[in-house]
Amino acid sequence: MRQNTQSETTALTQANHRSFLWLIVGSALLLFTGWRWNAPFALWLAPVFLMRFFRAQKRWFTALGAAPLMALALFANITGGWDFSIAEELGLGLIRATPFLLALYLDRALARRLHSVLATLVYPAAYVAIDYLCGLSPLGTTFSVAATQFEVKPFIQLAAVTGLWGLDFVMGWFAAVV
């Protein structure tokens, strides 16, 4: 088995640190998605950084650290928004993070195996499918990322043709292409 040289080890360590920076930036952007603070651009950029983090991980379980960080950011955004206990609001933060996590894991698993053009469609297609299934739950489309775009009038006009899932798809595709 080949041993890594000192320069290769240093380069791997720097790349690993950079990927965790992407996780922090992506999770911080999730803080501005919806209830308390809504910055429409945040949900365009957060998946870009989160996708880079997930794709940079060599093993699937090293990306598990993203779940609590993402849930914490989403919790901080909704805390005090409803008359729930802290435990229930933490649970909502995790529920809000779940569609992102599932789509990011699917993207990580499948995008590496596909042609580059098809690979860009994995995350948006997975996210739309998961968001659609969440829309069938009692929560409905309350946590859909498309709902955060209400301030961007020209963009939300697309929903008249595609429904809110078309907005989800375009936002996800942007993240995959960038």
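Quick notes on the rules
Residues numbered from 1 in each chain as written. Predicted model: local features only at pLDDT ≥ 70, side-chain atom pairs only at ≥ 80, totals over all residues. Heavy atoms only, no water. Helix = DSSP H or I, 4+ residues; strand = E, 2+ residues; numbered from the N terminus. Rg over C-alpha atoms; globule rule 2.2 N^0.38 Å. Buried < 20%, exposed > 50% of the residue type's maximum accessible area, 1.4 Å probe, protein only. Phe/Tyr/Trp six-rings, centres within 6.5 Å; stacked < 30°, edge-to-face > 60°. Polar contact = N/O pair within 3.5 Å; in protein donor to acceptor, adjacent residues only side chain to side chain. Contact = heavy atoms within 4.5 Å. Patch = residues over 30% accessible without salt bridge, like charges linked within 9 Å, V, L, I, M, F, W, Y side chains within 5 Å. Areas by Shrake-Rupley, 256 points an atom, 1.4 Å probe, with all protein chains shown as cover. Salt bridge = Lys/Arg side-chain N within 4 Å of Asp/Glu carboxyl O. Expected span 1.5 Å × (residues − 1). Axes fitted to C-alpha atoms, helices over the stretch in contact; angles between N-to-C directions. Parallel < 35°, antiparallel > 145°, perpendicular 65-115°, else oblique. Left-handed = near helix turned anticlockwise from the far one by under 90°. Nonpolar A, V, L, I, M, F, W, Y, C, P; charged D, E, K, R; others polar. Core = buried A, V, L, I, M, F, W, Y, C linked by side-chain atoms within 4.5 Å.

A. Spotlight on the overall build of the protein chain. Helix and strand counts for the protein chain stand at 8 helices and 0 strands. Written out in order from the N terminus, the α and β elements of the protein chain read α-α-α-α-α-α-α-α. The globule rule puts the C-alpha radius of gyration for 178 residues at 16 Å, and the 17 Å found for the protein chain is close to it. Taking the principal axes of its C-alpha atoms as reference, the protein chain extends roughly 55 × 40 × 25 Å. Counting every position in the protein chain, which comprises 178 residues, the buried fraction comes to 39%.

B. Highlighting the environment of Ala 71. Counting through the fold element by element, Ala 71 comes out in helix α3 (residues 66–78). Along the sequence, Ala 71 and Gly 93 sit 22 residues apart, while their C-alpha atoms lie 4.6 Å from each other.

C. Region of interest: the packing of aromatic side chains. Here the structure, examined in full by the defined rule, presents 11 aromatic pairs. Each ring, one from Phe 54 and one from Tyr 105, has its centre 5.1 Å from the other, and the planes form 90 degrees; the classification is edge-to-face. Of the two residues, Phe 54 is situated in helix α2 (residues 42–56) and Tyr 105 in helix α4 (residues 86–110); the sequence distance between them amounts to 51 residues. The exposure class of Phe 54 is buried, given its relative accessible area of 1%. A centroid spacing of 5.4 Å and a plane angle of 35 degrees characterise the contact between Phe 100 and Tyr 127, whose relative ring orientation is tilted. Of this pair, Phe 100 sits in helix α4 while Tyr 127 sits in helix α5 (residues 116–135), placing them 27 residues apart in sequence. Accessibility expressed as a relative area gives 6% for Phe 100, which makes it buried.

D. Local environment of the side chain of Thr 120. Considering the arrangement of structural elements, one finds Thr 120 in helix α5. A polar side-chain atom of Thr 120 sits 2.6 Å from the main-chain carbonyl oxygen of Val 117. Beyond its immediate chain neighbours, meaning those up to four positions away, Thr 120 contacts Trp 173, Ala 176 and Val 177.

E. Structural context of a nonpolar patch on the surface. Nonpolar side chains collect at one region of the surface, where Phe 41, Leu 45, Phe 174 and Val 178 lie side by side and expose about 340 Å² of accessible area between them. Inspection of the secondary structure puts Phe 41 in the loop between α1 (6–30) and α2.

F. Examining α3 more closely. Taking 1.5 Å as the rise per residue, α3 with 13 residues should run 18 Å; its terminal C-alpha atoms sit 19 Å apart, in good agreement. Residues Ala 66, Ala 67, Met 70, Ala 71, Ala 73, Leu 74, Phe 75, Asn 77 and Ile 78 constitute the buried set of α3. Two residues or fewer after α3 comes Gly 80, characterised by a positive phi angle close to 85 degrees.

G. Structural context of the packing of α2 against α4. Between α2 and α4, whose axes approach to 10 Å, the crossing angle comes to 45 degrees. On the basis of their axis angle, the class for α2 and α4 is oblique. The crossing of α2 and α4 is right-handed. Taken together, the residues of α4 that come into contact with α2 (itself represented by Leu 43, Leu 50, Met 51, Phe 54 and Arg 55) are Phe 100, Leu 101, Leu 104, Tyr 105, Asp 107 and Arg 108. Across the contact of α2 with α4, the residue classes break down as 8 nonpolar, no polar and 3 charged.

H. Expanded view of the nonpolar core. If you look at the biggest cluster of nonpolar residues, it comprises 36 residues, and the most contacted ones within it are Leu 30, Met 70, Phe 100 and Leu 104. Looking at this core, the elements that each hand over two or more residues are α1, α2, α3, α4, α5 and α8 (164–177). The dominant element in this core, judged by the number of residues it contributes, is α2, at 9 residues. Contacts of Leu 104, omitting those with residues within four sequence positions, involve Leu 50, Met 51, Phe 54, Met 70 and Tyr 123.

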